[in-house]
Amino acid sequence: MMVHRHYSGFTLIELMVTLAVAIILMASLVPAYTAVVQRNEVTAQINAFVGELKFARSEALKRGAVISLCPATTGSTSCNTASSRWSPSVSGERLVFVDIDADGEFDGTDVLLKRVTTNSTTVAVSVVDPSPEPAFLRFSPNGLLTAAAASIQFSGAGGTQRCVSLTLTGRSTVASGGCS
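Since the model is a prediction, treat every value here as computed from it, not as a measurement.

A. Representation of the overall build of the chain. A tally of regular secondary structure across the chain gives one helix and eight strands. Listed by position from the N terminus, the elements making up the chain come as α-β-β-β-β-β-β-β-β. Relative to the globule expectation of 16 Å for 180 residues, the C-alpha radius of gyration of the chain, 25 Å, shows a markedly less compact shape. With respect to the principal axes defined by its C-alpha atoms, the chain has extents near 105 × 35 × 30 Å. Put simply, the chain has 180 residues, and 37% of those count as buried. The contacts in the chain between residues at least 6 apart in sequence include a share of 55% that link residues at least 24 apart. For the chain, the accessible surface area stands at approximately 10,200 Å², while carbon and sulfur atoms represent 61% of it. Charge centroids of the chain, computed over 13 positive and 13 negative side chains, lie 10 Å from each other.

This is how it looks when you write it as structure tokens:
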């Protein structure tokens, strides 16, 4: 007499079909996830930059003094003078300081208020307006930007672009797309 055994589990075909479906789903989800991560990196850099602008402006109003914001190379206590000096890939830090001599350079007479380290090398930052790119942004004791209004473009690796516009009153706005 022949005994039939009943085995429970998956057949090899069922496992291969399940694996194929999982691979197809992963292949479609990874690019979408990468795009989200790239957009979030740009957003994080913009939020940090706008926070620094607001801090500098509020300190100018609070102290009744000239406050400057400039990019600096990592570990340095002087403003960066390289081309594309504002980009995190070039400038690892930004300095906010009481600019006692109003020269835009952090030197022995100035007081450092804040040093911010940027952790991104994938976001390119360029000052579109004014041209040429300013070495620093300065707020007067009444909170006004002392130079022309500025447009700063943040570009991510996936083509994500945002534009931060800074008015003469020191107000900043963020818009999707590049600066025109």
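Continuing now.
B. Spotlight on the sheet that holds strand β2 (residues 93-98). One open sheet accounts for four strands, arranged β3-β2-β1-β5; its pairing is antiparallel. Every other strand in the sheet has two partners, leaving β3 (111-117) and β5 (137-139) as the edge strands with one partner each. Adjacent strand axes in the sheet meet at a mean angle of 20°, parallel and antiparallel pairs treated alike. Its contacts with the sheet place helix α1 (residues 12-63) against β1 (67-72), β2, β3 and β5, and it is angled at close to 150° to β1.

C. Structural view of the sheet that holds strand β6 (residues 150-155). With antiparallel pairing, four strands are arranged side by side in an open sheet as β4-β6-β7-β8. At either margin of the open sheet sits one strand with a lone partner, and together these are β4 (124-129) and β8 (172-176). Ignoring which end each strand starts from, the neighbouring axes of this sheet average 25° apart. Relative to strand β7 (residues 161-166), β6 runs antiparallel, the two being bridged by six bridges.

D. Structural detail: unusual backbone geometry. One non-glycine residue, A102, lies in the positive phi region at around 55°. Residue placement: A102 occurs in the loop between β2 and β3. The exposure class assigned to A102 is partly exposed, which follows from its relative accessible area of 35%.

E. Focus on the nonpolar core. Residues F49, L137 and F154 are the most contacted members of the largest nonpolar core, which totals 24 residues. Those residues in contact with F154 that sit more than four places away from it in its chain are V42, Q45, I46, F49, V123, A124, V125, T160, Q161, R162 and V164. Listed in part, the six residues of the second largest apolar core include C70, C79, F97 and F106.

F. Examining a nonpolar patch on the surface more closely. A cluster of nonpolar residues, I13, V17, V21, L25 and L29, forms a patch on the protein surface that exposes about 480 Å² of accessible area. I13 gets classed as exposed once you look at its relative accessible area, which sits at 61%.

G. Broad picture of the state of the cysteines. Within this structure, the stated rule accounts for two disulfides. Two residues, C70 and C79, share a disulfide whose sulfurs are 2.0 Å apart. Taking the sign of the torsion about the S-S bond as the criterion, the disulfide between C70 and C79, at about -80°, is left-handed. Under the relative-accessibility criterion, C70 is labelled buried at 0%.

Procedures and definitions
- Each chain has its residues counted from 1, running along the sequence as written.
- The model is predicted, so local features are restricted to residues of pLDDT at least 70 and side-chain atom pairs to those at 80 or more, both for listing and for counting; the totals for chains, interfaces and linings are taken over all residues.
- The basis for the side-chain values is all heavy atoms of the structure; hydrogens and waters are excluded.
- Each helix corresponds to a stretch of at least 4 residues labelled H or I by DSSP, and each strand to a stretch of at least 2 residues labelled E; elements are numbered beginning at the N terminus.
- Between the two quantities, the radius of gyration covers C-alpha atoms and the globule rule is 2.2 Å times the number of residues to the power 0.38.
- Here's how the labels work: a residue is buried when its accessible area is under 20% of the maximum for its type, exposed when over 50%, partly exposed in between, all with a 1.4 Å probe on protein chains only.
- The contact criterion used throughout is that any non-hydrogen atoms of two residues lie within 4.5 Å.
- Note on areas: Shrake-Rupley, 1.4 Å probe, and residue coverage restricted to the protein chains presented here.
- Positive residues here are Lys and Arg, negative ones are Asp and Glu, while His and the chain termini are left out of the count.
- Charged side chains are reduced to one point each, which is NZ for Lys, CZ for Arg, CG for Asp and CD for Glu.
- The criterion for strand pairing is that DSSP finds at least two bridges linking the strands in question.
- Orientation is described by lines fitted to C-alpha atoms, with helices fitted over the stretch in contact, and by angles between N-to-C directions that extend from 0 to 180 degrees.
- In this text, buried Ala, Val, Leu, Ile, Met, Phe, Trp, Tyr and Cys residues form a nonpolar core when linked through side-chain atoms within 4.5 Å.
- A residue counts toward a patch only above 30% relative accessible area and without a salt bridge, and it is joined to like-charged neighbours within 9 Å or, for Val, Leu, Ile, Met, Phe, Trp and Tyr, to nonpolar neighbours within 5 Å.
- One speaks of a salt bridge when a side-chain nitrogen belonging to Lys or Arg is within 4 Å of a carboxyl oxygen belonging to Asp or Glu.
- Two cysteine sulfurs form what is called a disulfide whenever their separation falls within 2.5 Å.

Take it as geometry only, folks, not as evidence of what the structure does.
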